[in-house]
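The primary structure of each chain is shown beneath.
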Amino acid sequence: MTANLLILPVAAPLIVGLLALFFPKPSPARRGLVGIALGGLVALGVLLVARIVDDGALVLRLGGWALPYGIVLVGDTLSAIMVTLSGLTALSSLLYGSAERTCEREHPLRLPLLCFLLTGVNLAFLTGDLFNLFVAFEVMLLSSYALLTLEAKAGDSRQAWPYLTLNLFGSALFIAACGYTYGLFGTLNMAELSVRMNELSGDFRLTLLGAALAFVFALKAGFFPLYHWLPRAYPILPASTAAFFGGMLTKVGVYVLLRLFGTILPHDLEGLHRIVAWVGAATMFIGVLGAVSRQRVSEILTYHIASQIGYMGLALGIFTPAALAATILFLAHNILVKSSLFLVGGVIARAHGTDELARTGGLWRASPWLGVAFFVLAASLAGLPPMSGFWGKLYIVQAGFEDGRWVLGAMAAFAGILTLMSMLKILLACFWRGESEAPLRLDAGAGRMTLVCVAAAALSLGVGLAAGPATNLARHAADELHDRAGYAARVIGSNTTPHEDKTP
Amino acid sequence: MNNQLDTAVLVAVLVAAGFYLCTSRRLLRVMFGFFILSNAVNLVILGVSGDPSGRRAPVIVDGAAVPSADPLPQALILTAIVIGFAVAAYLAVLVYRLYADRKVATLPAIFEGEPAPDSPAARESAEDAALRRAQREAAEARRAATDAGHGEGGHH
């Protein structure tokens, strides 16, 4: 019975989004409806995490079809964590967006598209089928294309072009890879794939397939050298949408890479793991150098997305259980912190009318709470103890050293210093400097937006202070992810679960 | 042709043509390149369903087991076509919008003279643009309402 709950994170945003399309005029009631649904999703996510940690992964066969024929939804700990975080990010985006502008100024399509985006994201987290994953990605990408150009000004829509073309290319490769997978293994179910791939272990075709799939998701996550769409596309978004994009979208790619290497592909593809680790390290460095060189808050934050994706790739490539746990912890931390930083960046831009560092200043005096929120988030992103980012980075560096990857571990530690540097740049220019060149104007809307930022920062601080339970949860999720046989047994075993045979 | 060499050659030709078009500077050619590319990868899936000669459509008649084509890749292609169509629609609209913004439809012209991050053009926030758009739309709506009122007397 509980397994049926797995459909809700996919179905609920879809239904709410359609409802919002039927009532196209933005109104407080419409916002309230979406908000209640998103809040419910967060609560459901927490419930699912608690349930799955106790009882193991949940499997839902859609329509009751037996395994090789139907699509399954699989909720393990990692999926449930991600579903919770996606709901949380969407909720903060909604609250912030509501604080930012009145209903008259809200674009009527923004909320429906956000809901459809969430549908795709959640389906990507929950699906147990490779082709269904493609569908989930396309639902997500189509909504994101639309959101990207929805509120862009005339000169900016061109920045969607690199994002669109690269993703179209990735999607074409994804379909082809699905075709080859089906040709090689006769199934697209992830659990069955992981069993049948064992028989082909060591075959170069398997490596090739793994490389193609990894390339697709690395592209969608924004890895070096194909990340240049990222710093182009995200700064043209309004802050509340940018928070969801920056916090969530690229992380879906990382999640799928985790799923691909942890659960589907055999674990002996060391060459591929090494490539992922070094590509991750390169992304980390290029991203952080880009961030240090930028002079606008939104651009600095966007380059940091690439940098942090690099961290995750590096840790994933090390591929010890400890490194996987570190990746998951870092992933969760980064979703929260990155989306909140975009929210703070939105307040900065609103207060000054610009977010260029040369023209900002005086915010510490004008809005100390915003300063505190930014300080907490920036320290967390840079990895200062005891913030949540510290633990993630510590475990990544530790996992690198334990595995004898001295260079990678040292690079991860050094990139943290550069991150701190670029965050200090924002802190000094926006908050510490006494007065700004641009006129500083904080209205009631900015106050409400600050409130959302403070709540998000408090949440991130809470994760950092509760590092013990968070680490345990991440380790549990990593162990589950790493246990290919257990995953396959759980999913394939669901074919014979008695609960539905009891129907009269 | 039981190795489906024909399908493979067709896929190769289509992919080559699609890639060639995608490397063009003209937006329209890139668009058509992606259309061809998406059809090429659909053919890949059709190809993996195996040699169709001597097989029937996967419909069971009278419960008799006859060699039939694999239905799953066909379902996958159908899904991929529908999704590809939606993406194609978006792509076409984006190309049109890029053209409408600048009255040019080649990539160098569109990305040429990119405003520097600190230029006045970049400073104008998206929010202001949205506000102006809203005001314009409101004005148009008012005008339309008055026109309708003068014309044939409010039909709602």
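The rules behind the values
- Residues numbered from 1 in each chain as written.
- Chains lettered and ligands numbered in written order.
- Predicted model: local features only at pLDDT ≥ 70, side-chain atom pairs only at ≥ 80, totals over all residues.
- Heavy atoms only, no water.
- Helix = DSSP H or I, 4+ residues; strand = E, 2+ residues; numbered from the N terminus.
- Buried < 20%, exposed > 50% of the residue type's maximum accessible area, 1.4 Å probe, protein only.
- Contact = heavy atoms within 4.5 Å.
- pLDDT = per-residue confidence, 0-100.
- Polar contact = N/O pair within 3.5 Å; in protein donor to acceptor, adjacent residues only side chain to side chain.
- Buried area = accessible area lost by both parts, 1.4 Å probe.
- Salt bridge = Lys/Arg side-chain N within 4 Å of Asp/Glu carboxyl O.
- Nonpolar A, V, L, I, M, F, W, Y, C, P; charged D, E, K, R; others polar.

**Student:** Quick one: what's the story with the environment of Ile-81 of chain A, residue by residue and with numbers?
**Tutor:** All names here are of chain A. Here Ile-81 lies in helix H3 (residues 77-100). Take Ile-81: its relative accessible area is 11%, and that puts it in the buried class. Each C-alpha atom, one on Ile-81 and one on Ile-328, is 9.5 Å from the other, the two residues being 247 residues apart in sequence. If near-sequence neighbours (up to four positions away) are discounted, Ile-81 is found in contact with Val-49, Leu-473 and Ala-477.

**Student:** Got a sec to walk through unusual backbone geometry? Specific residues and values, please.
**Tutor:** You will see that Phe-319 of chain A, though not glycine, has its phi angle at about 60°, which is positive. Position of Phe-319 of chain A relative to the elements: it lies in the loop between helix H12 (297-318) and helix H13 (321-352).

**Student:** Describe the confidence of the model for chain A, listing the residues and the values that go with them.
**Tutor:** Per-residue pLDDT for chain A averages 87, and the proportion of residues at 70 or more is 98%. Note on residues 498-504 of chain A: pLDDT is under 50 here. Beyond four places in sequence and across chains, it has one contact.

**Student:** Now, about the side chain of Arg-61 of chain A: what can you tell me, with residues and values included?
**Tutor:** Position of Arg-61 of chain A among the secondary structure elements: in strand S1 (residues 58-61). Here Trp-65 of chain A takes part through its backbone oxygen, which lies 3.4 Å from a polar atom of the side chain of Arg-61 of chain A.

**Student:** Tell me about the interface of chain B and chain A, and name the residues and values.
**Tutor:** Taken residue by residue, the interface counts 46 residues in chain B and 44 residues in chain A. When the two sides are added together, the surface that chain B and chain A hide from each other amounts to roughly 3,900 Å², 68% of it contributed by carbon and sulfur. Applying the counting criterion to the chain B and chain A interface returns zero salt bridges. Put simply, chain B and chain A have seven residue pairs in polar contact (both at pLDDT 80 or more) between them. Only helix H2 (27-48), helix H3 (71-102), helix H4 (107-111), helix H5 (120-123) and helix H6 (126-151) of chain B provide two or more residues apiece to the side of chain B that touches chain A. No other element matches H3 of chain B, which puts 16 residues into the side of chain B that touches chain A. Here the residues of the side of chain B that touches chain A sort into 32 nonpolar, three polar and eleven charged.

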